[in-house]
Every structure is written in C-alpha cells, then in structure tokens.
There are 6 protein chains.
Amino acid sequence: MIRSDGRRPDQLRPVNIVLDYIKYAEGSCLIEFGDTKVICTASVEEKVPPFLRGTGQGWITAEYSMLPRATVQRTVREAAKGKLTGRTQEIQRLIGRSLRSAVDLSRLGEITLWIDCDVIQADGGTRTASVTGAFVALYRALQRIDKLEAVNLFVAAVSVGIVDGVLLLDLNYEEDSKAEVDMNVVMNERGEFAEIQGTGEGRTFTRSELDNLLELASKGIGKLIQKQKEVLEVGS
Amino acid sequence: MIRSDGRRPDQLRPVNIVLDYIKYAEGSCLIEFGDTKVICTASVEEKVPPFLRGTGQGWITAEYSMLPRATVQRTVREAAKGKLTGRTQEIQRLIGRSLRSAVDLSRLGEITLWIDCDVIQADGGTRTASVTGAFVALYRALQRIDKLEAVNLFVAAVSVGIVDGVLLLDLNYEEDSKAEVDMNVVMNERGEFAEIQGTGEGRTFTRSELDNLLELASKGIGKLIQKQKEVLEVGS
Amino acid sequence: MIRSDGRRPDQLRPVNIVLDYIKYAEGSCLIEFGDTKVICTASVEEKVPPFLRGTGQGWITAEYSMLPRATVQRTVREAAKGKLTGRTQEIQRLIGRSLRSAVDLSRLGEITLWIDCDVIQADGGTRTASVTGAFVALYRALQRIDKLEAVNLFVAAVSVGIVDGVLLLDLNYEEDSKAEVDMNVVMNERGEFAEIQGTGEGRTFTRSELDNLLELASKGIGKLIQKQKEVLEVGS
Amino acid sequence: MIRSDGRRPDQLRPVNIVLDYIKYAEGSCLIEFGDTKVICTASVEEKVPPFLRGTGQGWITAEYSMLPRATVQRTVREAAKGKLTGRTQEIQRLIGRSLRSAVDLSRLGEITLWIDCDVIQADGGTRTASVTGAFVALYRALQRIDKLEAVNLFVAAVSVGIVDGVLLLDLNYEEDSKAEVDMNVVMNERGEFAEIQGTGEGRTFTRSELDNLLELASKGIGKLIQKQKEVLEVGS
Amino acid sequence: MIRSDGRRPDQLRPVNIVLDYIKYAEGSCLIEFGDTKVICTASVEEKVPPFLRGTGQGWITAEYSMLPRATVQRTVREAAKGKLTGRTQEIQRLIGRSLRSAVDLSRLGEITLWIDCDVIQADGGTRTASVTGAFVALYRALQRIDKLEAVNLFVAAVSVGIVDGVLLLDLNYEEDSKAEVDMNVVMNERGEFAEIQGTGEGRTFTRSELDNLLELASKGIGKLIQKQKEVLEVGS
Amino acid sequence: MIRSDGRRPDQLRPVNIVLDYIKYAEGSCLIEFGDTKVICTASVEEKVPPFLRGTGQGWITAEYSMLPRATVQRTVREAAKGKLTGRTQEIQRLIGRSLRSAVDLSRLGEITLWIDCDVIQADGGTRTASVTGAFVALYRALQRIDKLEAVNLFVAAVSVGIVDGVLLLDLNYEEDSKAEVDMNVVMNERGEFAEIQGTGEGRTFTRSELDNLLELASKGIGKLIQKQKEVLEVGS
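Residues numbered from 1 in each chain as written. Chains lettered and ligands numbered in written order. Predicted model: local features only at pLDDT ≥ 70, side-chain atom pairs only at ≥ 80, totals over all residues. Heavy atoms only, no water.

**Some details on helix α2 (residues 86-100) of chain A**
All names here are of chain A.
Move 1: Look at α2: 21 Å from first C-alpha to last across 15 residues, which is about the 21 Å you get at 1.5 Å a residue.
Move 2: Judged by how many residues are buried, α2 sits mostly within the fold: twelve of 15 residues are covered.
Move 3: The complete set of buried residues in α2 reads G86, T88, Q89, E90, I91, Q92, L94, I95, G96, R97, S98 and L99. (Helix = DSSP H or I, 4+ residues; strand = E, 2+ residues; numbered from the N terminus. Expected span 1.5 Å × (residues − 1). Buried < 20%, exposed > 50% of the residue type's maximum accessible area, 1.4 Å probe, protein only.)

Shown next as structure tokens:
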C-alpha cells in the first residue's frame, strides 16, 4: 500500500530540525515532521517550584500551544477563551513527563527548565514532533549552561495508528482523522518506553495489533534519535 | 511478596457496587475499590452537541471531580479556583472515550449521556474505579430508557504498576505514590483494549515489563466485568 | 392537614447521621434529612487567615457544593462554569457564621477549621442539613484534637415556611418550591438565635405569621440537637 | 444614650433623595442615608429571561457595586479581580427579591427592569439605602412607561442592631463594625415583612431582643416610606 | 457653523469641578464636561509595585470604569463579565501615563497613588474629562500628604475631531459617534504634549488637518488648566 | 551619530517578507524588521459580527500575541494567565483599525477577515511590523477570494522616537527601552495618517519635535510600502 503522500506504511515524513532558531532562548529549534512545524524553546530559570526548594534538585515543565491558523480551520486562541483546553493540558503534561524521564533531575541543581512548544503549522503528530524537538532544545540549553551530565539518554516520540486496517507510522492530519486506533509512543535510545498512550477511536484493538504497532514505533523512534544526534553533533 | 494491606501482587481490592445510589439519576451507583469510593451517575439529556445535530447519533461525555476531603490532605476545590486542573481534564476525557468505545452511538438517537464521577474517598485508582462504575451507571440508564441494544460489550478499567521492582495489580494510594511505572488499562469483555496509558515515573520500562503488566491487567479486568454483570443481573 | 409525604405540619423528616463517614477527615458525617443527603467534613489546618495571625485566635470557614445530579435536573458544575453562584456563596457564609457562633474562637489557638458540605442528594433543606451536620463534624474534629473546651453550645438549623397558607416545619423540595414564605433559622441549645433569614416569595408576611414560624422552628431545632447529642454520645 | 453622631438610639440619619439623577435612565435617584450615598437607576429592557418567555410576565433583577474609594480603605474592584464577592451577590439578591415583593410581575408585561445600585460613599447601611433608593428609581421608571398599576405597595429597608447592649436604628459604619447583633429588615407600607436577615456576630440573641429590634425597624421604615412618597409626590 | 448644543466649533462645553467630593479619599473631585460626569479619587498607599521596591521612587496607576447606566443603553458591568474590555484597559493606561508625565516620581518616596475614575454619566469625552479631573484629585492628595514639590506642571486633556468636514473641539457623544477623525490630546501648561492619539474612523487625515486639530486642542487645554488652577486655588 | 547596530538615525532595519508562509491560511507572511519576526495570517470567515448582519458589509478584526520566549526574558503566556494584558488589547485594536482604514468594507460582502499576528522573536517594533505584515496577508487573502477591489490604498506602520535627544526611525528593543518619546505612525501610500500614537515617557515633547518625528516616519513608511508592493508584485 502507498499512502496519499507517497510514503510506505513504515516510513517517516521528511524530518528537518533548525537548531538555535530563536536568538534569546538558551536552547531552541524549529522542527518539521513534513508539514507539521513546531518552534521549541528551552528557557532556564534560576529557581524551582515550592515542592523542590532546598532539595538541590531541578525541574522541567512544558507548555504547548498552536497558532490560531496552524490548522485547516482557524481555531480560537486559548488566551481569548481565558482557559486551556483539556487537549492542551494533556499534551503539556506528556511533554514534561517525557523530558523528565530523560534527565537526572538531581544533577540539574535548583533550576527550572521551561519548555515551550508552539505549533506554527499542524499536519498531524504535533505532540510527537513537540517531544522530539523539545528534547533538542533542552539538550542545547543544558549544553549552554554546562550541565550535559544530567542527560541520561536521548528521547524521541512518534505516532502510530491503524487506518483502514493498515498499520501506519507517523500519521499526517488526514490519516489521523480517519484512524481507528491512535497511539503515541515515547522511547529512549535503548528502546525502552517512557510513555505509551493508545486509544481506540470507535473500536478496540487486540493484543496482536498492539505488538505490531509498538514494533513500528520503535523503528521510527530509532531514526528520529539518529536525526537529533546529527543536528546536535553527538556521536551515536 | 505480601502487600501492606495483605493482598497478593495479582489481587484486586474488595470491589463493592451499590446500584441506584442516587434517586434522581437515570442510572447511578456507588462503587468501591477498597477505600476508594466514587459516586457515578448517568443523566440523559434530549439533545446533542452542535457537531452531531441532525445526524441521528448520540453522545457520551464525562465529568470527574473529588470532594475536597476525599484525600489525605484537603485539596482546594476547582470551583473555588475557577478552573479545572490538567489532571481532571485528562481523567474526564479518558472516561468519556472509554464509555464511547463500549457503545454504538448511532443506535442512541440524538441524546447525550452525561456521566458524573465524584470521588468521595480516594485511596488510589480513582480513574479506573470511575470508568468501571460509570459503565454500570450508563448501562442502567440505557436500560431505563430502553436503549440497551446500543451497548456493544462490557468495559472496565484497572491500574497496574511496578513498585520496588514488583508488578502489582490495582494499586492503592501508598503503592501508587511509590510506583516506578504506572499504567491504566481499559478493556472490554473480549479482552480487547479500549485504552492503554503507561508512564515511567523517573524511569523507563522494557518491552517485557510491558507484556507482564498487560497480562496482570487483563486478569483484573475479567473479574471486574464479572462483578458488573452480577450487580446488573446480566448473564455472562 | 397531612403533607404529601405523610408528615404532620410540625414534624421533621426522619433524621439520620452516620458519624466518621470519611476516613481521612478529622471530623465527618453523612447527614440525612429524609432524602436530602449531605457529606460534612471538618479539616484542621495549622494556620489562620492573615487578619488573625499573631492573635492566638482560630477561624472556621465553610464551603458548600452539590453534585451535579443531586438535583432532579442535572445542574452544571460550578468548576466547569469557573465561578460560584450567588446562592452557593450565601450558603457558605451562612454555615460559617452559624458555626462560629457556637465556638469560642479564642480558645482554638491559631488553627483554621475548613468545613466542607457536599450535597449528594437534594430534596429541600440542604442548607439547614448542612449546618446541622457541619456542627457534628466540627465537634468530632475538636474532640480529636482535644479542643472541646472551645465549644460553647450545640447549634442546629431548620427551615420553616408557609405553603398554601399552612405553616410547615422542615420543607422538602416540592413544598419549598411552592412556599409563599421561606425561613431558615439557626438556634443554639438555649433557644437563642444565631441567624434568621426570612423571605416572602411573591408575598409579604405579617408579624403574627413570623411569631408562629419561629415557634415551629424552635421545636424542630430542639429535636435536631437531641439527635446530634445522641450520635456524639453527649449527655443532654 | 447619645450616639457618636448625636442621634438618639431610635433615630434615622438625615435622608436625602435626589430624583432623576442620571439623565439616560428611565428611573434614577441619588439617595443619602447620612454619609452613605448610592446612585440607583432602573433601566427597562424589552425582553425577559428565558424562564419567563411567553408567559406575559415581567422580571426585576438588581446589581450592586461600590466605587473603590467609597470606603475608608480603598478596596480592589471586582472587575479587576474578575469575580463578584459573596457579599455583593447576597446584596444583589436581597435587592431583587425586595423589589419583586412590591410589584405584581404579571402586570408588567414581558419586560425586565434592571436595577443598578452603585455606592459612591459608604458609611454603613449601604444595602438598606440601596433597597430604599432602588424602589424610588423603579417607581419612577414604571411611571415613565405608564405601568404604575403594577406597583402593589411601597417598600423600604433599614438596619437595626445591638451595640454595647443598646438597640440602635440605622447603624453607621462605626456602629456596624462594633455590632453584636446585626439585622436588615425590608417592610412594606402596611408593616408586613418582605425580608428579615438577622445575624449574631460573636453572640446569639434572644427572642425578646428580636421583638424589640423589629419594633425599632418598623418605625424607621415608616419614616423612609414617607420620604419616598414626598419625593415621588405620592399622597399617603 | 453652530453645533447641536449651540457651541461654536472651537468652544468647550461648560466645565465644572467639585473638589473633595468623596470624604474618605486623600484627593477627589466630581468633574463635569457638559453632561459627562466623572468621580475622580486619588488614594495613597504606603508601598510600591515590586519593580520599584528599594528605589525610593513612587508610582501612579489608574483605573477607569463606567456605571452601567452612564450610557444611553445600559451596558453590562465588567465585574459581571469577569474581565475588562480592551477599551477600558486602553483608557486606564492613558490616564496613568498622562499623570506620570506631570509628576517627578523620584520625589514621591515609595508610595503608590491609585487614581480611580468612575464615569457616572457619559456624553462623550469621558477619557479626557478623566485625565483632567484625575490631575485635580492627584494634586489634592499630594497637597494633603505635603508632597506638592513632586508636581512638575499642570496637565489636562481634551478631544478634537472632524465631523462632516468641520474641525471641532471637545466632542459630545452625538458628535463623537459621527466623527471621521478622532483625536485625544494631553498637554501640560507649557503647551508640550504628553500624549497624542489620533485615529481615522473610516478615513485617513492629512498633515494639514492634523496641524489644525492640534491648534484647536491646545486652546482648549489652556482653558481647562486655568479651570483646574481656579478650583485648586493655585495662581497662574 | 551611528546607532548600536550601525544604522543612521533615519534608516530602517533590513526588512524581509516571506509570502505564503502558512499553507492553510488564505493569506500569510513572515515579516522581519531586523531581529523582530512576526507571522501574520489572514483567515476568511463567511459571516460577520451581529452588528453588521444584513448590511452587506464586511469586517476586519485582529489578534496579536507573542511566543513566551520571543523576548529576552521568558514571559508568562496569556492563555496560562487566563486573560489578555492591556498592552495586547491595545495592539490588537490598533492593527484592526489600521487595516480597516485601508479597505472599503462595503465592498467585502458579509465576510470577516481574521488577522493573526504572532510574534516569534521580539526586538522592538512588533506592533508596526505586525501592521505592515498584516496588510500583506490581508491583501493576499483578498487576492485569493477575488476581492482586491475592496482595497483602497496600501498601509504600513513604523515607530519613531527620541533617544538621548536624537530622533530615530524604527527603534529596536534596546533603543525603545531608553526612549524619552515613543511614537507609532500608520500611514497610507498617499502620505495620509490612519493613526498616530505618541507618548512621552517621563518627559513631554514639543510641537517642533512632533513635526520632525512625523517627517521621519513618513520617509520610513514610504520604503515599507515599496517593499510590500515588491513582494506582492504590485506596480507602484
């Protein structure tokens, strides 16, 4: 089977990462998964949330947003509505947890890393592109402040799903909106899971489908981590 | 290994369901997973959200909350803060999706089922108790309005996790707060997944750990569905 | 005249109080006035609001809420609306003032007692059941922290009203919604008033009607205080 | 006993009412109870809230606010805080109910009267001055739109209380802040009650104290209604 | 050309200023530009915003609001909506900047002057009347706390505009709503600008029109400052 | 005098406009004034606000925001705070008015053009870059829907100011934060003003300074409009 954009089922979209995209941020990049484009920045703040004060430990927290016309139809700004949607909050929490799984917080010292992922164009996979780009921004910021020893392992994320009965890697918007099963997987460079979120949309999925989806995700994440390392000039 | 409350690692807490707990609701129950207690109601509204008007299809949506002193320390009411936390929104969306996976919305007609899960005492597993109890309330309400034909299969949920290296079923609060890996699984009576949400807390997890956790969850959910059927007097 | 539920005009509904209903709270009960059911908890916090710091005096504050399906029609959650209604705020303030009238705050030391009244089923009289149950939870919490000497006198509340020209004690929802005059009375065990709130709904009321309503309330409150004492095992 | 401003215990402060104070409003006045000054307007809107549509009946609703520097210390604007305090909501509801008790809503036709009471200087008794002035604005607006036949009886309000053991009429701010018992009474020109709200502040009050307070209120309200009639040029 | 209210194009409306209008405020006035009436108060607070702490410098901040029935049609309260409109925020910022331009903040010491402008009747020019009245209230407050040496120069504001091709000074509501060009000018007593805000409404304006409008504004402001000085009994 | 970035006082920063930057929007560009970068989109909606329904006339409205790390210090998201700052609202209104001055709304038909300006990097002049880029996005969108006849004249904006006594064109962040006088000017291609907003920061400005600043702005805007026309391939 060939997908509408010509990819094979197990093929990622072209991935592009522009490092140091925002001049003020300690770490930043523009990441593109095909037509999905996200600006990721990492900002260093010299304090921690109350629950960590005096522990010598640091923190990583993430925020996520979309420009109103990142989408096919313009969406109303959350600032105009005065509150965050549930979807936004879910994604913010996912990004934060994923990055914290990759870092030894006790080696950060009492600083907070604010990760901002702002989607400027959305064509599916914005949360997985965000995790993948956010790791790059985070790595870069830690490099700047000379704390790379706190990074355990590279982390990246990809979506997999079932569309018309076929298992696909890295769904674009059109595929995502038809998906019967939708799964986001965050893994590290050793092939271990930081997060699995799988959802049946209108149907359930079997154990065997799950196994095959995880296999597909694993391959995609391997390639994404390779890309991260190239951009950051880190040897595998 | 014996757990602090005397259970085996693969053992559920005592499950208790009081049907028709709230007199006004079309469907309701009080569900208890050990000391975790949740009031679940299903309310029928004779209209649907705008995106479904004129389609002949129905909708199921869920809300979740905790009484302030359901927890060891009193928590501030979301109504007093004026907004929902990200955690609350994540749980609400999980409950809604789980129930929609169990029902053929096109056979509901244009009605909305409002599911309310209010935790009156919280000892871990409030979201899985909520899904399990919400299904009972939903089933009961559909029975009342004579639409049971819309129900596909029974659905229930349970948590599994890894604590001190041991895989456990149905974590209580004490276990949950120490868990290295935390996973919520929603399955139907055929053993298919409606939802998997697995998260490493401070560490990642391997493929083999994932397999064993899913095995454990599967057994627990089988027993929960049996309990739901007893209470609703449905033959297996 | 016999009321729709078979009571005489001057008769309370069956009152039931389950002490220690919530395991984490310092004090708690489930109180039932007929089909009206309220969970009341008292939580002890080791600090006071700014205006009392350094005075050696304590504080009592109350919050009130209803589960969405406590009512005949489901009501929208205040947390979802992002603000409290005027009705909720009025009731919260009434509960707080009533309890403070029963306690010598200067003998509490610098602690705050947070009272939470959550209505799980509403059939009229939720605010008077809340005051009456909240006093029980408060008493229990003070017993736990060994500060019973701060309690002056028992306090309870009841509603009275005029329906179709007849004076009634402890109105249920059906009666309440038809009431021409509606009054909530909070009294202590010496028969003194802590609070009177009387309102004509679409008509005014005369001085003589007022006198008779207060007489009726006084009798009902006497019985409620007797019930409180039984449950708390306090001699009259 | 002579009060700090030279009044006898049963004496009102000087009352002044400037009719038609705001040129755009259908009805308006500036009312002064001593140094307490409130602008009251009544605005006519040619529609009713949803629950009255098609009934032929009208509605009266009230809003209340204080300028930030109406008080001894500047208070933060509710618009700046983004929400109304409980006190404001209680007062708004009291004003609305009081005026509705004075009017036959079924003779209004489907219109809403919006009553706005804005306190420009506060020296105690702002809610009772508001009720008294709001009635004048309401009467004036109904006169303008030729619907005076909907008015049943004149209504006014006054505060009474116990300060240092002495029963006082129409408390100013200094007295109010020391009051042991505080009561607001709304009555019509026949001496019937529309509303009684009595509260012990730090102590309870006896039946006999209640009787004397109501007596005092009754006299004061008689004088206020006389003043309303003079200003509106209505014969007694 | 004669305007609808009989004025010449270059004529102000009658200006009236009642000094010390609110008894609690350190400085206050009621200012009237024709039928536009604004209560302005200046309140002294003995602290400064965080960014000024420890600098020895003071601050001036302003808030602006309208009573709901200040306008021809009743407008919804911002407190009821829970947020400030953009217009309100623009005006607040304009008033604050204008006053700060008139005062040497470093000679205030670490205090904040809260300026409140509350429009009780609006007939055009509410923001310019607010600036002009706010200066009076501010001056008065500084006189009270013996800090007049911090005042550099008197400041006042006026609107100018083009209506039906004619350049007008001090537009009333009717003129303002037809204006093709609308400009607010804040000047000091030396004829220097503190602020110019000019806007074409549906058309642009030429350089020569701009010059003539500024000329007109300059004359009007001269007269307003003369009036301020009379009221404050300051010699020119 | 040479500026810190090597420019002459009357010199713009390098201006760059990438047309069609966002694939979904009817019109879009990325505009750069030096290091200030703004994504501008124009979205077409087939309806108008209530006050225009049935008039045959269209509407243009604008929203403005900054990414959190567009600035030297990370700023808190307005969506997280739940409300827009006054600054944001002022800028939104300015952009909207400026564009409406350039378009004959009656020739649009009943559509709304939503303009979104999202600053991804901020180095001063974000509002003038937004107006200039927004006009390009708007023009492009009208071209797409074949309504170019509604455009009257090209419009652009630039900032001017006085820094250390020197008059400067197109201030960067460093200059802006030191500016004694700060002015934003919106002009059309005939040299007429759509908007002038001039503010003294800590000092006032004379008539002659104003004249020189307007002269400077005029030259800058001429060049910006030339750039707009090149990008849109419109002959001068």
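**Here's the deal with the relation of the copies chain F and chain A**
Move 1: Aligned on chain A, chain F shows an RMSD of 0.0 Å; the corresponding rotation is 180° and the shift along the axis is 0.0 Å. What the rotation and shift describe, once combined, is the action of a two-fold rotation axis. (Least-squares fit on C-alpha atoms with pLDDT ≥ 70 in both.)

**Looking at the environment of I145(C)**
Residue and element names in this part refer to chain C.
Move 1: Tracing the chain through its elements places I145 in the loop between α3 (126-144) and β6 (155-163).
Move 2: The sequence separation of I145 and G27 amounts to 118 residues, and the corresponding C-alpha distance is 9.9 Å.
Move 3: In this view, I145 contacts V44 and I111; residues no more than four positions away in its chain are not counted. (Contact = heavy atoms within 4.5 Å.)

**Considerations on the UniProt feature "domain: Exoribonuclease phosphorolytic" (unreviewed entry) in chain A**
Residue and element names in this part refer to chain A.
Move 1: Taken from the UniProt record, the annotation "domain: Exoribonuclease phosphorolytic" (unreviewed entry) applies to residues 11-141 and 155-220.
Move 2: The span residues 11-141 shows a helical share of 27% and a strand share of 31%, and its end C-alpha atoms are spaced 30 Å apart.
Move 3: In residues 155-220, the share of helix is 30% and the share of strand is 44%. The end C-alpha atoms are 12 Å apart. (UniProt positions renumbered as here; feature names shortened; annotations may be inferred.)

**Side note on the packing of aromatic side chains**
Move 1: What the rule picks out here adds up to 30 aromatic pairs over all chains.
Move 2: An angle of 45° between the planes, with centres 5.2 Å apart, marks the rings of Y139(D) and F154(D) as tilted. In this pair, Y139(D) is assigned in helix α3 (residues 126-144) and F154(D) in the loop between α3 and β6 (155-163), connecting sequence segments 15 residues apart.
Move 3: A residue is classified by how much of its surface remains accessible, and Y139(D), at 10% relative accessible area, is buried.
Move 4: Note on F154(D): relative accessible area 5%, which makes it buried.
Move 5: Among the aromatic residues, those joined into a cluster by ring pairs are F135(A), Y139(A) and F154(A).
Move 6: Across the ring face of F154(B), the terminal group of K229(B) is positioned such that the distance to the ring centre comes to 5.2 Å. (Phe/Tyr/Trp six-rings, centres within 6.5 Å; stacked < 30°, edge-to-face > 60°. Lys NZ or Arg CZ within 6 Å of the ring centre and 35° of its normal.)

**Section: the pairing of strand β4 (residues 59-66) of chain C**
Residue and element names in this part refer to chain C.
Move 1: In terms of burial, β4 is a largely internal element, six of the eight residues being buried.
Move 2: Looking at chain direction, β4 and strand β5 (residues 112-121) are connected through eight bridges and run parallel. If you follow I60 over to β5, its bridge partner there is L113. (Pairing = 2+ DSSP bridges.)

**Observations regarding the UniProt feature "binding site: phosphate" (unreviewed entry) in chain A**
Residue and element names in this part refer to chain A.
Move 1: According to UniProt, the feature "binding site: phosphate" (unreviewed entry) maps to R87, G125, T126 and R127 in the numbering used here. Considering the C-alpha atoms alone, the annotated residues occupy 41 residues of sequence yet fold into one spot, their largest mutual distance being 13.4 Å.
Move 2: Position of T126 relative to the elements: it lies in helix α3 (residues 126-144).
Move 3: Residue class for T126 comes out buried when judged on its relative accessible area of 6%.
Move 4: In contact with T126, other than residues within four places in its own chain, are T36, V38, Y64, M66, R87 and V119.
Move 5: Looking at T126, its side chain comes within polar contact range of the side chain of Y64, at 2.6 Å.
Move 6: With respect to the element layout, R127 can be found in helix α3.
Move 7: For R127, the residues in contact, after removing those within four places along its chain, are R87, E90, I91, L94, N184 and Q197. (Polar contact = N/O pair within 3.5 Å; in protein donor to acceptor, adjacent residues only side chain to side chain.)

**What about unusual backbone geometry?**
Move 1: Within the chain, E233(B) stands out as a residue other than glycine whose phi angle is a positive 55°.
Move 2: Backbone geometry at D164(E) places phi at a positive 50°, although glycine is not the residue there.
Move 3: Tracing the backbone shows D164(E) in the loop between β6 (155-163) and β7 (166-169).
Move 4: Note on D164(E): relative accessible area 58%, which makes it exposed.

**What about the sheet that holds strand β1 (residues 15-19) of chain D?**
Each strand in a sheet pairs with another by means of backbone hydrogen bonds, the pair being arranged parallel or else antiparallel.
Residues and elements named next belong to chain D.
Move 1: Strand order across the open sheet formed by five strands is β1-β2-β3-β5-β4, with mixed pairing between neighbours. Among the strands making up the open sheet, the edge pair consists of β1 and β4 (59-66). On average, each strand axis in the sheet is tilted by 20° relative to the strand beside it, whichever way the strands run.
Move 2: Direction of pairing for β1 relative to strand β2 (residues 27-33): antiparallel, over a ladder of five bridges. Residue pairing in the sheet places I17 in a bridge with I31 of β2.
Move 3: Running at roughly 145° to β4, helix α2 (residues 86-100) makes contact with β4 and β5 (112-121) of the sheet. (Axes fitted to C-alpha atoms, helices over the stretch in contact; angles between N-to-C directions.)

**Some points on the packing of helix α3 (residues 126-144) of chain F against helix α5 (residues 207-232) of chain F**
Two measures define how a pair of helices packs: the angle their axes make with one another and the distance between the axes.
All names here are of chain F.
Move 1: Remark: α3 packs on α5, axes separated minimally by 11 Å, with the N-to-C direction vectors making an angle of 30°. Viewed along their axes, α3 and α5 adopt a mutual orientation that is roughly parallel. Relative to α5, α3 is oriented so that their crossing is right-handed. Touching T132, F135, V136 and Y139 of α3 are L224, Q228 and L232, all from α5. (Parallel < 35°, antiparallel > 145°, perpendicular 65-115°, else oblique. Left-handed = near helix turned anticlockwise from the far one by under 90°.)

**Considerations on the sheet that holds strand β1 (residues 15-19) of chain A**
Residues and elements named next belong to chain A.
Move 1: Strand order across the open sheet formed by five strands is β1-β2-β3-β5-β4, with mixed pairing between neighbours. Strands with a single pairing partner mark the edges of an open sheet, and in this sheet they are β1 and β4 (59-66). Ignoring which end each strand starts from, the neighbouring axes of this sheet average 20° apart.
Move 2: Relative to the sheet, helix α5 (residues 207-232) contacts β1 and β2 (27-33), its axis offset from that of β1 by approximately 30°.

**Observations regarding the layout of surface pockets**
Move 1: Empty space within the second largest pocket amounts to approximately 400 Å³.
Move 2: Taken together, 19 residues line the second largest pocket, and the ones lying closest to its centre are R100(E), S101(E), L105(E), E201(F) and G202(F).
Move 3: Class assignment for the residues of the lining of the second largest pocket results in seven nonpolar, six polar and six charged. (1 Å grid on protein atoms, 1.4 Å probe; cavity = no way out; pocket = protein on both sides within 12 Å on 5 of 7 lines; lining within 4 Å. Points joined across faces, edges and corners; volume = space filled by probe spheres on them. Nonpolar A, V, L, I, M, F, W, Y, C, P; charged D, E, K, R; others polar.)

**Remarks on the interface of chain F and chain A**
Move 1: The interface of chain F with chain A comprises 35 residues on the first partner and 35 residues on the second.
Move 2: Between chain F and chain A, a total of about 2900 Å² is buried, with carbon and sulfur atoms accounting for 51% of that surface.
Move 3: Across the contact surface, chain F and chain A share 16 salt bridges.
Move 4: A salt bridge links R69(A) to E26(F), with the nearest nitrogen and oxygen atoms 2.6 Å apart. (Buried area = accessible area lost by both parts, 1.4 Å probe. Salt bridge = Lys/Arg side-chain N within 4 Å of Asp/Glu carboxyl O.)

**Concerning α3(D)**
All names here are of chain D.
Move 1: Helix length check: α3 (19 residues) gives 26 Å between terminal C-alpha atoms against 27 Å at 1.5 Å per residue, within 8%.
Move 2: Buried residues dominate α3, accounting for 17 of its 19 residues.
Move 3: D146 sits one or two residues past α3 and shows a positive phi near 60°.

**Notes on the environment of I145(A)**
Move 1: Given a relative accessible area of 28%, I145(A) falls into the partly exposed group.
Move 2: Separated by 81 residues in the primary sequence, I145(A) and Y64(A) have C-alpha atoms spaced 24 Å apart.

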